[in-house]
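Summary of the model geometry
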Amino acid sequence: MIELLLLVPLVATFLCYPLRRRRAVEIVSLSGSLVTMAAVAYLAYRVYTGGTIDEGLLYVDILSAYVLLLIAFVGLMANLYSVSYLGRELEEGAISEVKLRNFHLFFQMFIFTMVLVAVSDNLGIMWIAIEGTTLASAYLVGFYDRATSVEAAWKYLIICSVGITLALLGTVLLYASSVSFLGEASDALSWSTLMDPQVLANLDVNLLRIAFIFVLVGYGTKVGLAPMHTWLPDAHSQAPTPVSALLSAVLLNCAMYGILRFHLILSGSAVGPGFSSGLLLLFGILSLATAAAFIVLSKDYKRMLAYSSIEHMGIIAVGFGIGGPLAIMGALFHMLNHALTKTLLFFGAGNVLQRYGTREIAGVKGLATVMPATAVLVAGGALAIVGCPPFATFLSEFMILAGAIDGGDLLAAAVYLGLLAVVFAAFLYHAGRTLFGNAGPEVEHGEVGRWRPVLMAVLLVAVMVLGLYMPEVLEEALERMASLFTGGSL
């Protein structure tokens, strides 16, 4: 079953290659995303009802299934949005049909690499898959072939490749700590083998500590944790909007997933959870502080959304760093909430960019009168991303805060709350500048796509509903995932 899931985006990639006409490419790509979503939903249902699926090198537990659902859902929404977004650019002559074909080809390859990250049992293969996400998405970052986008793509490749090299060193050190006990080299990086309590108890403590530092810095570069975040604002701002949504909503979560797998190994070993938790908390707070400063100074709304992604990955790292069932559930829930909300906001940014023709915040005025539907949805997304009730982001951020207070981490709670307040004020100030005022006479009024506001509305309603009511299936899934981090089992 897992092999079939991997085959879907891979087959869609190769089917796109010989095609040249727009409609044919879009049908193949959308079909691939729909089938991927259906396959992931079925696989997640099997894991939820029947437990972990272990097929040797491929492995899906409830944490993997959760990440897979984020990948498949955001991938489907981004693909649907891209039909209108790139279709408009094709009509305006900004891209060719071959360029559009290439977009969907690399889009499906990008989905394939992220799915492989989530289903790999072997931590070495997971490393290869995370590096694969960089290679598959670099073309998409530099899609427009402008000097700024090509520069962003090279910066993305170089910085993330350096990071992934450090993660490889961490993976090798983990291998060195386990192979002497296991004997079988093929099992030394197997996640399911390593999580055996007897194996965990015999791992080399000193090597594990060093390995986690390298992994946290290496994969943390891909997550966008400060100070390794420098590629992220350029890549997010220069990439086509559907790709920006994928990068922010799911690629960062895939890299965080890699860190969490190592965090679980350290927590279950003789090292204990304190070492890795402390580092996650440190980098989480640093990322929050860095993002807050740059959001205050933002002049480009797509870069502002990129810095917001750094902030929210910092929030997730803080949740796992604090530990405890409540904070960990909040961090896991926030992965979902951020993915939904940031996808909504990037879709809104795409609408604004195609209507106003600028990424400068100062160049966007009167959005409420120019595109009323987009304005309402962007306003809702802005309130959600800064953690206003009744949106689900408020609930997950509050769970992390409550977990910190409950665990006695009062200093961390105070710093966390203070930085969130700074972001709250700055982000809403910038959003308000775009929503109100008078647009220039050169700006055409009206929505840029008939169905785009529908996609955005689905995302906004989802974030609002989850803030008012958490389905029993989601609550149980979060509890089961949190139990893995607090010493339980799946």
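Placed above this text is the structure.
This text gives an overview of the structure that appears in the document. Since the model is a prediction, treat every value here as computed from it, not as a measurement. (Residues numbered from 1 in each chain as written. Predicted model: local features only at pLDDT ≥ 70, side-chain atom pairs only at ≥ 80, totals over all residues. Heavy atoms only, no water.)

1. Concerning the overall build of the protein chain
Threshold: Think of it this way: any DSSP run of H or I at least four residues long counts as a helix, any run of E at least two long counts as a strand, and we number them from the N terminus. Within these notes, the globule rule equals 2.2 Å times the number of residues to the 0.38 power, and the radius of gyration is based on C-alpha atoms. Three exposure classes are used, based on accessible area relative to the maximum for each residue type with a 1.4 Å probe and protein chains only: buried under 20%, partly exposed in between, and exposed over 50%. Contact between two residues is taken to exist if any of their heavy atoms lie within 4.5 Å; hydrogens are not considered. Residue-level accessible areas treat just the shown protein chains as cover; the underlying method is Shrake-Rupley with a 1.4 Å probe. For the charge count, each Lys or Arg is scored as positive and each Asp or Glu as negative, with His and the chain ends excluded. To locate a charge, the coordinates of NZ of Lys, CZ of Arg, CG of Asp or CD of Glu are taken.
The secondary structure content of the protein chain amounts to 20 helices and two strands. For 490 residues, the compact-globule estimate of 2.2 N^0.38 gives 23 Å, and the C-alpha radius of gyration of the protein chain, at 21 Å, lies within 12% of that figure. When its C-alpha atoms are laid out on the principal axes, the protein chain stretches across 70 × 55 × 40 Å. Taken across its 490 residues, the protein chain has 61% of its residues classed as buried. Within the protein chain, residue pairs in contact and separated by at least 24 positions form 80% of the contacts whose partners lie at least 6 positions apart. Surface summary for the protein chain: the accessible area is close to 17200 Å², and the carbon and sulfur share equals 68%. Counting 24 positive and 31 negative side-chain charges, the protein chain places the averaged centre of each group 12 Å from the other.

2. Examining the packing of aromatic side chains
Cut-off, in case you're wondering: For this analysis, a ring pair means two rings from Phe, Tyr or Trp (six-membered ring only for Trp) whose centres lie within 6.5 Å, classed as stacked if their planes differ by under 30 degrees, edge-to-face if by over 60, and tilted for the remaining angles. Whether a charge lies above a ring is judged from NZ of Lys or CZ of Arg, which has to be within 6 Å of the ring centre and within 35 degrees of the ring normal.
This structure, assessed with the given rule, holds 12 aromatic pairs. Aromatic side chains tyrosine 81 and tyrosine 85 sit 5.7 Å apart centroid to centroid with 25 degrees between the ring planes, which places their arrangement in the stacked category. Here tyrosine 81 and its partner tyrosine 85 are both found in helix H3 (residues 62–91), four residues apart, which amounts to about one turn of the helix. With a centroid separation of 5.3 Å and an interplanar angle of 75 degrees, the aromatic rings of phenylalanine 143 and tyrosine 144 are classed as edge-to-face. Grouping aromatic residues by their ring pairs yields a cluster made of Phe103, Phe106, Phe107, Tyr139, Phe143 and Tyr144. Sitting above the plane of the phenylalanine 275 ring, arginine 209 keeps its charged end 5.9 Å from the centroid.

3. With respect to the environment of alanine 167
Structurally, alanine 167 is set in helix H6 (residues 147–182). In this structure, the C-alpha to C-alpha distance between alanine 167 and leucine 459, residues 292 residues apart in sequence, is 34 Å. Look past the residues within four positions of alanine 167 in its chain and what remains in contact with it is Trp127, Phe214, Val215, Gly218 and Tyr219.

4. Some points on unusual backbone geometry
Across the junction of alanine 226 and proline 227, the peptide omega takes the value 5 degrees, indicating a cis bond. The amide bond that connects proline 389 to the next residue, proline 390, takes the cis arrangement and shows omega of 10 degrees. If you trace the backbone, proline 390 turns up in the loop between helix H16 (372–385) and helix H17 (392–406). Phi is positive for aspartate 145, close to 60 degrees, though the residue is something other than glycine.

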